[in-house]
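Coordinates in review
Listed below, chain by chain, are the residues.
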Amino acid sequence: MSLRNTLRAFPTLLRIGFADAVAYRAEMLVWVLSTTMPLVMLALWTTVARDAPVGRYGESQFVAYFLATFIVRQLTGCWVFWEMNFEVRNGTLAIRLLRPIHPLWSYAAGALAAMPMRIIVSLPMAIIALLVLGSRGVTHDPVLWVFWASSIAGAWLITLLVNFIVGCASFFADSSLRLMDAWLILFFVLSGYLIPIDLFPRSVRAVIDWLPFRFQIGLPVELMTGAHSRSAALRLLLEQWSWAAIGIGATAWTWRRGVERFAAYGG
Amino acid sequence: MIRVRALRKHYTVHQRAPGMAAAFRSLFRRARSTVAAVDGIDFDIETGARVGFLGPNGAGKTTTLKVLAGLLHPTSGEVTVDGFEPRRRQDAFLKRIMLVLGQKQQLLWDLPPSETFELNRAVYDVPRPQYEATVRELTDLLDLAGLVNKPARTLSLGERMKCELAAALIHGPKLLFLDEPTIGLDVSMQATVRDFVRRYNERNGATLILTSHYMEDVAQLCPRVIVIDKGKLLYDGALETLVAKTRPDKRIVLRFSRAIDARDLEGLGKVVRHEPVQSILQVHKDAVNAVVGRALATLPVSDLTVENPPLEEVMSELFARGRSADLQPGNDDVA
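**Quick word on the overall build of chain A**
Along its length, chain A carries 13 helices and 0 strands. Along its sequence from the N terminus, chain A presents helices and strands in the succession α-α-α-α-α-α-α-α-α-α-α-α-α. Its C-alpha radius of gyration of 19 Å places chain A within 12% of the 18 Å reference for a compact globule of 267 residues. Referenced to the eigenvectors of the C-alpha coordinate spread, the extents of chain A come out at roughly 65 × 40 × 35 Å. Split into buried and exposed, the 267 residues of chain A put 39% on the buried side. Counting only contacts in chain A whose residues sit at least 6 apart along the sequence, the fraction spanning at least 24 positions is 80%.

Take a look at the structure:
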């Protein structure tokens, strides 16, 4: 489908994706709320920081960091690979391939359509954060807020593209679920999701700087909590979007190679 | 409309024996084999034709359909559909075709079918007035009123299949691939689906390619059949000719005014079934007149019909016999 037609169809895809996402309201809400690991880490790290700060983090900095992490994770989370892996294995991807819109666009619409529900969950958390911390926990620089919005889009895109690539791996292996498990282990440790990146030893940080994980969580959280100057933020944003560009290229390649191997099993 | 030459589709599949030891061995070394799902077939299909693909399970029918619909990339061979190479899945091609998979659904499970219709309107870029007219027409023809606003998961199998058909036709495809469209449906719903599909073909001049294990679907819808077995083409031609060549027999169904003994039928032909007041005889088609004359003269016949053998039996015999010299492709031309 041409980009113009895709964009024209996109609002309908989003509307129907949203209707689908909220078909089981209670289930959706429980699922979104189950991603509360940052709140667990908040409790853990604030206990650790009660006696003395850890690096630059005292108790209130940890509260700000992990509340921001919770919000960023809600706004950038995406689990499309589950659907792709399932559809490749049992052949229902055929239904998407028959439609004159690229399947990756329809997966992306489905992922985006869940966003309003995620925002509904994030909003109270943002209000709680403001009430608990006042405004001192977040940056006051409007330019950094613009950068933050861009970093949220970049983080979501990188996460989506990782999901696409892992989902496409199902074309080559019979299942790509374990591959995603491996990615998620690295993601949890190296993205800033469980541990702020600046608490890692310098040598580990040097490695993290060359990997994409921190751009999925760490960067938006750091921008939100005012950890970077404008120039440093801009440089990091460029790095993040470079990873997104690499992800787009890798996705296009794996999709093209993978779909040739699609066996459309099962009737 | 469709041109297929030397089409092959081979799969590489892993093989593993049952048991723990085999599972462990498979971690290190996996036996692979190549399966020729489609193994060098040729055929042409004209615009507006209704063609049935017949074959036992695993014959290669659905694989062929999926190659024609662009879902599978052929291993080798040449395939063109309405001037397009299906594997490229160009938008213009996808807008002309639809594949209905009886065992897979495009209806969004948790939403009413009307939402799937709307989704298809958007992705196929169907103008709103045309969409509304099509939905009205399909609702009338398939009696969908009252169904389209219920979640798909709450519909019966037959209701879902009717909605599947409607969803498949929102964009008015000129080429319709139907893979087991009546599977699991009761007899009445099968007839409804068949009737609808035939009318769609006649009204829109659409080309129709069907696979079904229900021979009645094929007999009712498809003047021409393509028979595939083990990936190879066994027959391409008129259904009637296939029946006549495979089983040059007729069945004479006799009903009697009083009970008769099986011995009374001796010498008339092969007795397929005998009940006191009804018998079915199988005789060579050239002997039908003589046997009918003798039966009328010697037995208390109250009713008599002459029928072809059931298509299921014809196909079983054909596949059991394997390839035979007189059923080679191309010996019966059907437009």
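**Describing the packing of helix 4 (residues 59–76) of chain A against helix 9 (residues 142–172) of chain A**
Residues and elements named next belong to chain A. Packing of helix 4 against helix 9 brings their axes to within 9 Å, and their N-to-C directions diverge by 55 degrees. Viewed along their axes, helix 4 and helix 9 adopt a mutual orientation that is oblique. Every pair of crossing elements has a handedness; the one defined by helix 4 and helix 9 is right-handed. Between helix 4 and helix 9, the residues in contact are Val-72, Leu-75 and Thr-76 and Ile-152, Ala-155, Trp-156 and Thr-159, respectively.

**A short note on the environment of Ala-31 of chain B**
Note that Ala-31 of chain B resides in strand 2 (residues 31–45). Each C-alpha atom, one on Ala-31 of chain B and one on Ile-252 of chain B, is 53 Å from the other, the two residues being 221 residues apart in sequence.

**As for the domain arrangement of chain B**
For chain B, the assigned domains are domain 1 (2–243) and domain 2 (248–307). Averaged C-alpha coordinates put domain 1 of chain B and domain 2 of chain B at centres separated by 42 Å.

**Considerations on the sheet that holds strand 3 (residues 50–54) of chain B**
Residue and element names in this part refer to chain B. Strand order in this open sheet of 6 strands is 5-6-7-3-8-9, and the pairing throughout is mixed. Every interior strand has two partners, whereas the edge strands, strand 5 (97–101) and strand 9 (232–238), have only one. The mean angle between the axes of side-by-side strands here comes to 15 degrees, regardless of whether they run parallel or antiparallel. The pairing of strand 6 (residues 175–179) with strand 7 (residues 207–211) spans 5 bridges and is classified as parallel. Residue Leu-175 lies in a different strand from strand 7, and its bridge partner there is Thr-207.

**Examining the sheet that holds strand 11 (residues 270–275) of chain B**
Residues and elements named next belong to chain B. Pairing within the open sheet is antiparallel, and its 4 strands lie in the order 11-12-10-13. Because the sheet does not close on itself, it has two edges, and the strands there are strand 11 and strand 13 (301–307). Adjacent strand axes in the sheet meet at a mean angle of 15 degrees, parallel and antiparallel pairs treated alike. Taken together, the 7 bridges between strand 10 (residues 249–256) and strand 12 (residues 278–284) define a ladder with antiparallel strand orientation.

**What about the interface of chain B and chain A?**
If you look at the interface, chain B gives 30 residues, while chain A gives 25 residues. Contributing elements (two or more residues each) for the side of chain B that touches chain A: helix 2 (61–68), helix 3 (91–94), strand 5 and helix 4 (113–123) of chain B. The biggest single contributor to the side of chain B that touches chain A is helix 4 of chain B, with 5 residues. Per-class residue counts for the side of chain B that touches chain A are 14 nonpolar, 5 polar and 11 charged.

**Quick notes on helix 11 (residues 311–321) of chain B**
All names here are of chain B. Among the residues of helix 11, those classed as buried are Leu-311, Val-314, Met-315 and Leu-318. Looking down the long axis of helix 11, one finds its buried residues gathered within 95 degrees of arc, a one-sided arrangement. More than 90 degrees from the buried face of helix 11, the exposed residues found are Glu-312, Glu-317 and Ala-320. Next to the buried residues of helix 11 lie strand 3, helix 8 (215–221), strand 8 (224–229), strand 9 and helix 9 (239–246).

**Side note on the pairing of strand 10 of chain B**
Inspection of the sheet shows strand 10 of chain B paired to strand 13 of chain B by 6 bridges, in the antiparallel sense. Across the sheet, Arg-255 of chain B pairs through a bridge with Asp-303 of chain B, a residue of strand 13 of chain B.

**Examining the environment of Ala-245 of chain A**
Residue and element names in this part refer to chain A. Residue position: Ala-245 is located in helix 13 (residues 230–259). Residue classification places Ala-245 among the exposed positions, given that 12 C-beta atoms sit within 10 Å. Taking the C-alpha atoms as reference points, Ala-245 and Leu-157, separated by 88 residues in sequence, lie 9.6 Å from one another.

**Here we look at the packing of helix 9 of chain A against helix 10 (residues 177–190) of chain A**
Residue and element names in this part refer to chain A. Closest axis-to-axis distance for the helix 9/helix 10 pair is 8 Å, and the angle between their directions is 150 degrees. Here helix 9 contributes Val-162, Val-166 and Ala-169 to the contact with helix 10, which in turn contributes Leu-179, Met-180 and Trp-183. For the contact of helix 9 with helix 10, the per-class residue count stands at 6 nonpolar, no polar and no charged.

**Overview of the nonpolar core**
Counting 141 residues, the largest nonpolar core has Leu-67 and Leu-160 of chain A together with Leu-99, Ala-166 and Phe-177 of chain B as the members making the most contacts within it. In this structure Leu-99 of chain B touches Leu-98 of chain A together with Leu-65, Ala-69, Phe-177 and Asp-179 of chain B, once residues within four positions along its chain are discounted. In this structure, Leu-254, Leu-268, Leu-281 and Ala-295 of chain B belong to the second largest nonpolar core, which totals 5 residues.

**Focus: the confidence of the model for chain B**
Residue and element names in this part refer to chain B. Looking at chain B as a whole, its pLDDT mean stands at 88, while 96% of the residues score no less than 70. Confidence, read as mean pLDDT per element, is least for helix 1 (residues 20–28) in chain B (72) and greatest for strand 4 (residues 76–81) (96). Predicted confidence is poor over residues 329–335, with pLDDT under 50, and the contacts of this stretch with residues over four places away or in other chains come to 12 contacts. The ipTM assigned to the predicted complex is 0.83, against a pTM of 0.84.

The rules behind each value
Residues numbered from 1 in each chain as written. Chains lettered and ligands numbered in written order. Predicted model: local features only at pLDDT ≥ 70, side-chain atom pairs only at ≥ 80, totals over all residues. Helix = DSSP H or I, 4+ residues; strand = E, 2+ residues; numbered from the N terminus. Rg over C-alpha atoms; globule rule 2.2 N^0.38 Å. Buried ≥ 20, exposed ≤ 12 C-beta atoms within 10 Å, placed from the backbone. Contact = placed C-beta atoms within 7 Å. Axes fitted to C-alpha atoms, helices over the stretch in contact; angles between N-to-C directions. Parallel < 35°, antiparallel > 145°, perpendicular 65-115°, else oblique. Left-handed = near helix turned anticlockwise from the far one by under 90°. Domains from an automatic or database assignment. Pairing = 2+ DSSP bridges. Nonpolar A, V, L, I, M, F, W, Y, C, P; charged D, E, K, R; others polar. Arc of directions from axis to C-beta. Core = buried A, V, L, I, M, F, W, Y, C linked by C-beta atoms within 7 Å. pLDDT = per-residue confidence, 0-100.

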